[in-house]
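Structural overview
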Amino acid sequence: MKPYPFIPLRFVRRSLDESRTRAKAFYDEMSRRRTTRHFATDPVPRELIEYAIRTAGTAPSGAHQQPWTFVAVSDLELKRQIREAAEREEHDFYHGKAPREWLEALLPLGTDEHKPHLTDAPWVVVLFRHAYGLDAEGRKRTYYYTEESCGIAAGLFIAAVHQMGLVTLTHTPNPMAFLRELLGRPSNERAMLVMPVGYPAADAQVPDIARKPLEEIALWR
Ligand code: IYR
């Protein structure tokens, strides 16, 4: 492949004061983000979902291969099909397939096989990871660090959703191969995360949990 042409970096150098203010404001905003399983059915305009996906698409990726597709589902019938298939898989997960240790780890969060958020939320966004590339002739092209790249993109998506005043939930049906079929995606794509997006229900609840403080997650050498 040919080298890309290089262009000057557009960069705004901020004063330290401004950086401090922005750093704190962004952290304060992100620290208010919570994952809830209780969604309102209130509609959300597609424009907002487009911005969240655009933001996700700004993620850095291995060799700039951008190995992601976001399928945004608002069609109620399709959401019903996703929910039905997910609940079937989850039922098996919670009733026999999951190792005891895994179920014990989930116990405090109170999750189960019922996934009403998949039909309550106005949007269900499914992130597909491209395990490899496919060119126009159907030849495979190796992609690099696709898990990391899609993980970063998902993080930016979640931040964007929060920033615009909506909530999302990272749902991982297990297994999730049914999504590729249901959403008609090609053989190189693997469903990675299902993210309902919308407003929280008026009576939405969240577990009373705390995040690890800085001292526990950072080391300075
Ligand atoms: N996929 C299941 C189980 C589950 C697993 C983890 I790790 C979670 O943090 C939460 C749920 C489900 O979505 O219920």
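This text follows the structure it describes.
Quick notes on the rules
Residues numbered from 1 in each chain as written. Predicted model: local features only at pLDDT ≥ 70, side-chain atom pairs only at ≥ 80, totals over all residues. Heavy atoms only, no water. Core = buried A, V, L, I, M, F, W, Y, C linked by side-chain atoms within 4.5 Å. Buried < 20%, exposed > 50% of the residue type's maximum accessible area, 1.4 Å probe, protein only. Helix = DSSP H or I, 4+ residues; strand = E, 2+ residues; numbered from the N terminus. Contact = heavy atoms within 4.5 Å. Near = heavy atom within 4 Å. Polar contact = N/O pair within 3.5 Å; in protein donor to acceptor, adjacent residues only side chain to side chain. Areas by Shrake-Rupley, 256 points an atom, 1.4 Å probe, with all protein chains shown as cover. 1 Å grid on protein atoms, 1.4 Å probe; cavity = no way out; pocket = protein on both sides within 12 Å on 5 of 7 lines; lining within 4 Å. Sits in = over half its atoms within 2 Å of the grid points. Nonpolar A, V, L, I, M, F, W, Y, C, P; charged D, E, K, R; others polar. Arc of directions from axis to C-beta. Pairing = 2+ DSSP bridges. Axes fitted to C-alpha atoms, helices over the stretch in contact; angles between N-to-C directions. Phe/Tyr/Trp six-rings, centres within 6.5 Å; stacked < 30°, edge-to-face > 60°. Points joined across faces, edges and corners; volume = space filled by probe spheres on them.

1. Observations concerning the nonpolar core
One recurring pattern in soluble globular proteins: nonpolar side chains tend to sit buried together. Formed by 22 residues in total, the largest nonpolar core has its most connected members in Trp68, Phe70, Leu127, Phe157, Met195 and Val197. Put simply, the parts of the chain that give this core at least two residues each are helix H2 (46-56), strand E1 (68-73), strand E2 (123-130), helix H6 (146-163) and strand E6 (189-198). Per-element tally for this core: the top contributor is H6, with 7 residues. Discounting residues that sit within four places of it in the chain, Val197 has contacts with Phe39, Ile49, Ala121, Pro122, Trp123, Val125, Phe157, Val161, Leu166, Val167 and Thr168. If you look at the next biggest cluster of nonpolar residues, it comprises 15 residues, including Val71, Ala86, Phe128 and Leu179.

2. Focus on the site of the ligand
For the ligand, the full set of nearby residues is Glu90, Phe93, Tyr94, Trp102, Leu106, Asp112, Lys115, His171 and Thr172. The separation between an oxygen atom of the ligand and a polar side-chain atom of Glu90 is 2.9 Å. Contact distances for the ligand include 2.5 Å between an oxygen atom and a side-chain N or O atom of Tyr94. Considered on its own, the ligand offers 380 Å² of accessible surface; in the complex 73% of this is hidden by protein. When each cavity is represented as a set of grid points, the ligand is found to reside in the largest pocket. Residue contributions to the shell around the ligand peak at 3 residues, all from helix H3 (residues 76-97). Of the residues assigned to the shell around the ligand, the class counts are 4 nonpolar, 2 polar and 3 charged.

3. Brief notes about H2
Of the positions making up H2, those classed as buried are Ile49, Ala52 and Ala56. The arc enclosing the buried residues of H2, seen along the axis, measures out at 60 degrees, which places them on a common side.

4. Here's the deal with the sheet that holds E6
Strand pairing in a sheet relies on backbone hydrogen bonds, with the paired strands running either antiparallel or parallel. Ordered in space as E1-E2-E6-E5, the 4 strands form an open sheet in which the pairing is antiparallel. Either end of the sheet is taken by a strand with one partner, and the two such strands are E1 and strand E5 (167-168). Where E5 and E6 come together, 2 bridges link them in antiparallel fashion. Counted as the bridge partner of Thr168 is Val197 from E6. Across the sheet, H6 lies against E1, E2, E5 and E6, angled at about 10 degrees from E6, the strand it touches most.

5. Details of the packing of aromatic side chains
A full pass over the atoms with the stated rule returns 3 aromatic pairs. Arranged with centres 5.9 Å apart and planes meeting at 15 degrees, the rings of Phe70 and Phe157 form a pair that is stacked. Taken together, the residues Phe70 in strand E1 and Phe157 in helix H6 connect sequence positions 87 residues apart. As far as the burial class goes, Phe70 and Phe157 line up, both buried.

6. Quick word on the pairing of E1
For E1, a buried count of 5 out of 6 residues is recorded, marking the element as mostly surrounded by other parts of the structure. Bridge count for E1 against E2 is 6 bridges, and the pairing is antiparallel. From the neighbouring strand, Phe70 faces E2, where its bridge partner is Leu127.

7. Description of the layout of surface pockets
The computed volume of the largest pocket comes to approximately 780 Å³. What lines the largest pocket is a set of 32 residues, among which Thr35, Arg37, Leu109, Thr111 and Leu169 lie closest to the centre. Going through the elements one at a time, H3 and helix H4 (100-106) are the ones with two or more residues in the lining of the largest pocket. Of the residues in the lining of the largest pocket, the class split is 12 nonpolar, 13 polar and 7 charged.

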